[in-house]
Amino acid sequence: MPSQPNMNLGLSPKYLRLILVMVMALIPTLVDCSINKANSNHSANYEASTREILDIATGRMQTIWNMKQRIFLQLTSKGKSPLGGQAPSKQEVEMETYHLMYELAANLSVVPVKELEDPLLRRRVQRLSKLQLQGLRPRNYEQAKDLLRAMRNFVSGPLVCTFEECTTRRPLAMYPHIVNKNMRAKHYEDLVLNWFSWRRAINDKDTAKSTFIDYVRLLRIAATYNGHVTPSRTWYLHYDTENFQAEMEAVVWEIMPLYRELHAYLRHEVQVTYPKADTKSDGAIVAPVMDQILSQDWYPHQFFRTPHPSRQHQLPSVHRRLEEVLVTPVKINKKAAEFFESLGLNHISDGFYDRYSRRMNDDEGGPDCKSQVYYFPPDVALRYCPKLDYKKMMQIHGTMAELQYNIYKRNLPFGLDTEPCPGFGSALAETVVLASGTARHLHRLHILLNESLTEEQSLNRLFRMGVHTLVAVPQYFINDKFLVDVMDGRIGVKEYNCAYWRLQDKFAGVQPPALHSSKDFDPDFKFYRGMNPETSNTKKFLSEILGFQFYRSFCLVSGQYKPGDAKFPLHNCDFYDSKEAGDMMREMMQLGASRHWRDVMEIATGERKLSGRGILEYFAPLFTWLKERNKQLDIEPGWDADDLCRKE
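Rules used throughout
- One numbering rule holds for all chains: residues counted from 1, following each sequence as written.
- A pLDDT threshold of at least 70 governs which residues receive local features in this predicted model, and a stricter bar of 80 or more applies before side-chain atom pairs are shown or counted, although totals over entire chains, interfaces and linings include all residues.
- With hydrogens and water set aside, each side-chain value is computed from the structure's full complement of heavy atoms.
- The way it works is that DSSP assigns letters per residue, a run of H or I at least four long becomes a helix, a run of E at least two long becomes a strand, and they are numbered from the N terminus.
- Our radius of gyration looks at C-alpha atoms and nothing else; its globule reference is 2.2 Å times the residue count to the power 0.38.
- For the exposure calls, accessible area comes from a 1.4 Å probe over protein chains only, and a residue counts as buried if that area is under 20% of its type's maximum, exposed if over 50%, partly exposed in between.
- Contact criterion: two residues are considered in contact whenever any of their non-hydrogen atoms come within 4.5 Å of each other.
- Here the open area of atoms and residues is found with the Shrake-Rupley method and a 1.4 Å probe, where only the protein chains shown may cover a residue.
- A positive count includes Lys and Arg, and a negative count includes Asp and Glu. His and the chain ends are not counted in either.
- To locate a charge, the coordinates of NZ of Lys, CZ of Arg, CG of Asp or CD of Glu are taken.
- Each Phe, Tyr or Trp ring (for Trp, its six-membered ring) is paired with any other whose centre lies within 6.5 Å, and the angle between the two planes then decides the class: stacked below 30 degrees, edge-to-face above 60, tilted in between.
- Think of a salt bridge as a Lys or Arg side-chain nitrogen and an Asp or Glu carboxyl oxygen that are within 4 Å of each other.
- Within this scheme, the nonpolar core is defined by two criteria: the residues are buried Ala, Val, Leu, Ile, Met, Phe, Trp, Tyr or Cys, and they are joined through side-chain atoms within 4.5 Å.
- For two strands to count as paired, DSSP must find a minimum of two bridges between them.
- Axis geometry follows a simple rule: fit a line to the C-alpha atoms, using only the stretch in contact for helices, then measure angles between N-to-C directions, giving values from 0 to 180 degrees.
- Grid points spaced at 1 Å over the protein atoms alone were grouped into cavities, where a 1.4 Å probe fits but cannot get out, and pockets, open sets with protein on both sides within 12 Å along at least five of seven lines, with lining residues defined by an atom within 4 Å of a point.
- Grid points are joined across faces, edges and corners, and a volume is the space filled by probe spheres set on the points.
- Throughout this entry, Asp, Glu, Lys and Arg are counted as charged residues, while Ala, Val, Leu, Ile, Met, Phe, Trp, Tyr, Cys and Pro are counted as nonpolar. The remaining residues, Gly among them, count as polar.
- Our angle categories are set so that under 35 degrees counts as roughly parallel, over 145 as roughly antiparallel, 65 to 115 as roughly perpendicular, and the remainder as oblique.
- A helix's residues, less one, multiplied by 1.5 Å, set its expected span.

### Quick word on the overall build of the protein chain
Point 1. For the protein chain, the count of helices and strands is 26 helices and seven strands.
Point 2. The C-alpha atoms of the protein chain give 26 Å as radius of gyration, which agrees with the globular expectation for 648 residues (26 Å, within 12%).
Point 3. Here the C-alpha coordinates of the protein chain stretch approximately 85 × 60 × 55 Å along the principal axes.
Point 4. Considering the protein chain as a whole, with its 648 residues, one finds that 55% of them fall into the buried category.
Point 5. Of the contacts made within the protein chain by residues no fewer than 6 positions apart, 76% connect residues no fewer than 24 positions apart.
Point 6. Just so you have it, the protein chain exposes about 28900 Å², and 50% of that area is on carbon and sulfur atoms.
Point 7. Taken as two groups, the 83 positive and 77 negative side-chain charges of the protein chain have centres that lie 3 Å from each other.

### As for the environment of phenylalanine 550
Point 1. Residue placement: phenylalanine 550 occurs in helix H22 (residues 537-558).
Point 2. Linking phenylalanine 550 and serine 129, residues 421 residues apart in sequence, is a C-alpha distance of 30 Å.
Point 3. Here phenylalanine 550 is in contact with Phe424, Ala427, Leu428, Thr431, Met588, Met601, Ala604 and Thr605, once residues within four sequence places are set aside.

### Some remarks on the packing of aromatic side chains
Point 1. A full pass over the atoms with the stated rule returns 51 aromatic pairs.
Point 2. Residues tyrosine 274 and phenylalanine 303 carry aromatic rings whose centres are separated by 5.2 Å and whose planes lie at 55° to one another, so their mutual orientation is tilted. A residue pair is termed long-range when its members are at least 10 positions apart, and tyrosine 274 in the loop between helix H10 (244-273) and strand S1 (285-286) and phenylalanine 303 in the loop between helix H11 (287-295) and helix H12 (319-325) qualify at 29 residues. Across the pair, phenylalanine 303 and tyrosine 274 agree in class, each one buried.
Point 3. Centre to centre, the rings of tyrosine 500 and tryptophan 501 are 5.2 Å apart; their planes meet at 75°, and the pair counts as edge-to-face.
Point 4. Residue tryptophan 501 is classed as buried on the basis of its relative accessible area, which comes to 6%.
Point 5. Every member of this aromatic cluster is reached through a ring pair, and the members are Phe154, Trp195, Phe196, Trp198, Phe212, Phe482, Tyr496, Tyr500, Trp501, Phe521, Phe527 and Tyr528.

### Notes on the pattern of salt bridges
Point 1. Inspection of the entire model under this criterion finds 25 salt bridges.
Point 2. Close ionic contact of aspartate 488 with arginine 490 constitutes a salt bridge, the shortest N to O distance being 3.4 Å.
Point 3. We classify aspartate 488 as buried; its relative accessible area is 18%.
Point 4. Linked by salt bridges that have partners in common, Lys481, Asp485, Asp488 and Arg490 make up one network.

### Let's talk about the nonpolar core
Point 1. The biggest cluster of nonpolar side chains holds 192 residues, and the ones touching the most others in it are Phe424 and Phe575.
Point 2. By residue number, the principal contributor to this core is H10, which donates 12 residues.
Point 3. Sequence-distant contacts of phenylalanine 575, defined by excluding residues within four places in its chain, comprise Phe339, Leu343, Thr431, Val432, Ala435, Tyr551, Phe554, Cys555, Ser558, Gln560, Ala581 and Met585.

### Looking at the environment of serine 156
Point 1. Relative to the helices and strands, serine 156 is located in helix H5 (residues 138-156).
Point 2. Along the sequence, serine 156 and tyrosine 175 sit 19 residues apart, while their C-alpha atoms lie 5.3 Å from each other.
Point 3. For serine 156, the residues in contact, after removing those within four places along its chain, are Ala173 and Tyr175.

### Some thoughts on the sheet that holds strand S2 (residues 357-359)
Point 1. Read from one edge to the other, the open sheet built from three strands follows the order S2-S4-S3, with strand pairing classed as mixed. Strands at the two margins of the open sheet, each flanked by one partner only, are S2 and strand S3 (372-376). For this sheet, the mean angle separating the axes of adjacent strands, direction not counted, is 20°.
Point 2. Two strands pair when backbone bridges link them, and S3 and strand S4 (residues 379-384) are joined in this way by five bridges, in the antiparallel orientation. Paired with glutamine 372 across the bridge in S4 is arginine 383.

### Here's the deal with empty space enclosed by the protein
Point 1. Under the defined criterion, the tally for this structure stands at four cavities of 30 Å³ or more.
Point 2. Roughly 90 Å³ of volume is contained in the largest cavity.
Point 3. Looking at the largest cavity, the residues that line it are Trp195, Arg199, Ala287, Met290, Asp291, Leu294, Gln475, Tyr500, Trp501, Gln504, Val510 and Asp524.
Point 4. Mapped onto the lining of the largest cavity, the elements with two or more residues apiece are helix H7 (188-202), H11 and helix H20 (496-508).
Point 5. Broken down by element, the residue count for the lining of the largest cavity peaks at four residues, all from H11.
Point 6. Split by residue class, the lining of the largest cavity holds seven nonpolar, two polar and three charged.
Point 7. Lining the second largest cavity, in full, are Gln132, Trp235, Tyr236, Leu237, His238, Tyr239, Pro422, Pro533, Ser536 and Thr538.
Point 8. A breakdown of the residues in the lining of the second largest cavity according to their chemical character gives six nonpolar, four polar and no charged.

### Some details on the packing of H22 against helix H23 (residues 579-591)
Point 1. Axis separation between H22 and H23 bottoms out at 7 Å; the angle between their running directions is 140°. Of the possible angle classes, the one that applies to H22 and H23 is oblique. Seen from H22, the contacting residues are Phe550, Phe554 and Val557; seen from H23, they are Glu580, Ala581, Met584, Met585 and Met588.
Point 2. Taken together, the residues of the contact of H22 with H23 break down into seven nonpolar, no polar and one charged.

### A short note on H23
Point 1. An ideal rise of 1.5 Å per residue puts 18 Å on 13 residues; H23 measures up with 18 Å between its terminal C-alpha atoms.
Point 2. Within H23, burial applies to Ala581, Gly582, Met584, Met585, Arg586, Met588, Met589 and Leu591.
Point 3. Among the structural elements, helix H13 (329-342), helix H15 (390-409), helix H16 (424-436), H22 and helix H24 (597-605) are those in contact with the buried residues of H23.
Point 4. Immediately downstream of H23, the backbone of glycine 592 shows phi near 50°, a positive value.

### As for the pairing of S3
Where a strand is regular, its side chains alternate between the two sheet faces.
Point 1. Most of S3 is tucked away: four of the five residues are buried.
Point 2. Taken together, S3 and the strand that follows it, S4, pair antiparallel across an intervening segment of two residues.

Take a look at the structure:
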């Protein structure tokens, strides 16, 4: 923390004297007798004073939660809060939270944690005394927020003219405009034009690169306040693991044989569809095409062929039945809530839907709106997306998992009422998303006639899921590793671009569409999205990997996954109504951040490390098919990328 923090935590002189008592108690006692008794008294003084600090901070946090409640209620009250007056802005809430966390961490930094006997109190101090961006001094914090807004604008701002003149067409944003254009594009030249146009727009006068450099400088400063010589220790703060990046990399290599087979098959499809891409039979896939592949994971007119492309083997359309059976988004919400009730978790009452559930306006969130959970204990609330389709049905199951998590962790003291590490809650949500999308669960909802797909349909679905998951996971890791290696000084400024492409080559088999130099700066738009610790690529990586680990465990304990039994494969597991799975989920949710995340994950998995086994077992039938199909096509998995980045 800063050497001269702002101590205005709302402490009276009485409490400041208590803090002074704690500091003075650090001086070793010189009294010869009753050493143990003296130490016990010191410990009691530390604990009493620490609780005083945390009680005052909790009161201030409750004020912030009340502000969040007013914001939620305002959203359906035409700008006026039903509690009276104008509701505060999100920016006001953010700054109040920053000042509280900054000042609290400064005060807790003098607490001798090892002297605290209460393990929960120790845990609270450990969690709250070290910060990421909120550990920056006010001026630096404001600069960091400005830089994050600039990088968000790289993604969602209307910056790109894909034609020479922009007078007749409005500039486009990378997301959603260019991403959607790429998804529908049929010509390689269009993909390449869009790829270059966006990078030229954000890197005019080295804007993107200089923004990134300034942001990394602030991340390094934040690390020094935590006493971290290695800046990535602060980036990985709540993973509390020595060399967490090495653990993630081990998982990437664990699933790499499956990725290589999928990559080889997709590369063959690229050669057939885009001959102008000049893709070599043993080479990498060019970045604009790989971006399109990711965008087409569930697009019905994708350029790559599924394992069984004929019409009778395509996945059944459930949209009409969804509208007939579930009728409204409200009914979908209640069906999603029933999933958790079947596990023995909290019942969501009609009173909750009346008081704390709000429908988003039709013009909010765009075509891909996402439901949101609000946390202002003792209450939680839901704003739900009004769209009615298969994807939104699965997503609302994930949102309901977040709602359940908030209901359980609100009973914990401030500082422990959160997930044990970033991405843990999303991993739990991922399990229910996977289960709710299975044929077995859709049959339970009377949307599908049968509880399983045909073998051909099942393989096509697994292939789509594979493109969605397996192509994305290495990208999360690459973006995270690039940032951390820069932050820790392993990559210098002059090496940025070529180092980025070396990572793309090594872990994903992706290369630029033309010769680039170290003067360019080519990371994709998802890289910039991951600059905020709250939406980091680290968090997304963990939620995917741990989500499949949890899913495997829930499916095994529920009896819905029986390895070796074709009637109960992992990819069609629906653990609905499993009280055993529910007990695991509830126990993990109730713990919040009171225990190390490895202790919490062990409750379900019996393991204390990330593993790719869940993914490998889920996609096992696809892995088998890919190996056989690639052999038939005489395709060799693996790649040898061209050297398309040169130092200047």
